[in-house]
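Now for the letters of each chain:
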Amino acid sequence: MTQYVIEQLARKIFHVNHWLAKTLVAVYGSHTLVVLEDLTNVTFNTDDLPKSLRNSHRSWSFFQLGSFLTYKAQAIQSAVVKVNPAFTSQCCPKCGLVEKTNRHHDTHECWCAQCQYRCNDDRLGAMNIVMLGQDWLSGVKYPEIKKLTAIG
């Protein structure tokens, strides 16, 4: 990639992040809690990419979006909280079982081995993030999913 193309892409991502943050704050309004996963130090596996593209795929824009969302939310008396992402895509929101095999990447589905609850894996992650946000609202300073693995 040429430097010009990289700079163009960065400007587009910057614009999209501003637009998305502005839209979310406008739609949900003041006195809203926005809950994000704390994705600090999270990287994608780039082993299958050519060396020239590896760094660009590790420089993602979630941090930038979170920053924009935070300052725009604070301006209207809303808040953004970042929660621990551990197990958000493996925890059953009904019974609390955390099991890696609950998630089926090929079908984008989670199926709990204990209570048989089934749903889309992205929806399951979002439900768990909402629960962590509710924990934060009820006074838990650093909400996280505890790994409950015993079936039965």
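The coordinates are above.
To keep things clear, this report deals only with the structure shown in the data block.

Reading the values: rules and limits
Residues numbered from 1 in each chain as written. Predicted model: local features only at pLDDT ≥ 70, side-chain atom pairs only at ≥ 80, totals over all residues. Heavy atoms only, no water. Helix = DSSP H or I, 4+ residues; strand = E, 2+ residues; numbered from the N terminus. Buried < 20%, exposed > 50% of the residue type's maximum accessible area, 1.4 Å probe, protein only. Areas by Shrake-Rupley, 256 points an atom, 1.4 Å probe, with all protein chains shown as cover. Contact = heavy atoms within 4.5 Å. Core = buried A, V, L, I, M, F, W, Y, C linked by side-chain atoms within 4.5 Å. Polar contact = N/O pair within 3.5 Å; in protein donor to acceptor, adjacent residues only side chain to side chain. Salt bridge = Lys/Arg side-chain N within 4 Å of Asp/Glu carboxyl O.

**Considerations on the overall build of the chain**
1) Next: A tally of regular secondary structure across the chain gives four helices and five strands.
2) Next: In the chain, the succession of helices and strands from N to C terminus is α-β-α-α-β-β-β-β-α.
3) Next: Burial statistics for the chain: of 152 residues in total, 24% are counted as buried.
4) Next: Counting every atom, the chain has about 10,400 Å² of accessible surface; 58% of that belongs to carbon and sulfur.

**Details of the environment of Phe87**
1) Next: Mapped onto the fold, Phe87 is located in the loop between β2 (79-83) and β3 (103-104).
2) Next: Using a relative accessible area of 27% as the deciding quantity, one classes Phe87 as partly exposed.
3) Next: With 11 residues separating them along the chain, Phe87 and Val98 place their C-alpha atoms 6.8 Å apart.
4) Next: Excluding residues that lie within four positions of it along the chain, Phe87 makes contacts with Val98, Asn128, Ile145 and Lys147.

**Some details on the nonpolar core**
1) Next: If you look at the biggest cluster of nonpolar residues, it comprises seven residues: Cys92, Leu97, Cys110, Cys112, Tyr117, Cys119 and Leu124.
2) Next: The residues contacting Cys110, other than those within four sequence positions of it, are Ser89, Asn102, Arg103, Tyr117, Arg118, Cys119, Asp121 and Leu124.

**Remarks on the side chain of Asn102**
1) Next: Turning to its location among the elements, Asn102 is positioned in the loop between β2 and β3.
2) Next: There is a polar contact of 3.4 Å between the side chain of Asn102 and the backbone oxygen of Gln90.
3) Next: Only 3.3 Å separates the side chain of Asn102 from the backbone nitrogen of Ala113, close enough to count as a polar contact.

**Some remarks on the pattern of salt bridges**
Pairing between side chains of opposite charge can happen when their charged atoms approach one another.
1) Next: Tallied over the entire structure, the rule returns three salt bridges.
2) Next: One salt bridge connects Arg103 with Asp121, and the closest N-O pair in it is separated by 3.3 Å. Of this pair, Arg103 sits in strand β3 while Asp121 sits in helix α4 (residues 121-137), and the two are 18 residues apart along the sequence.
3) Next: For Arg103, a relative accessible area of 24% corresponds to the partly exposed category.

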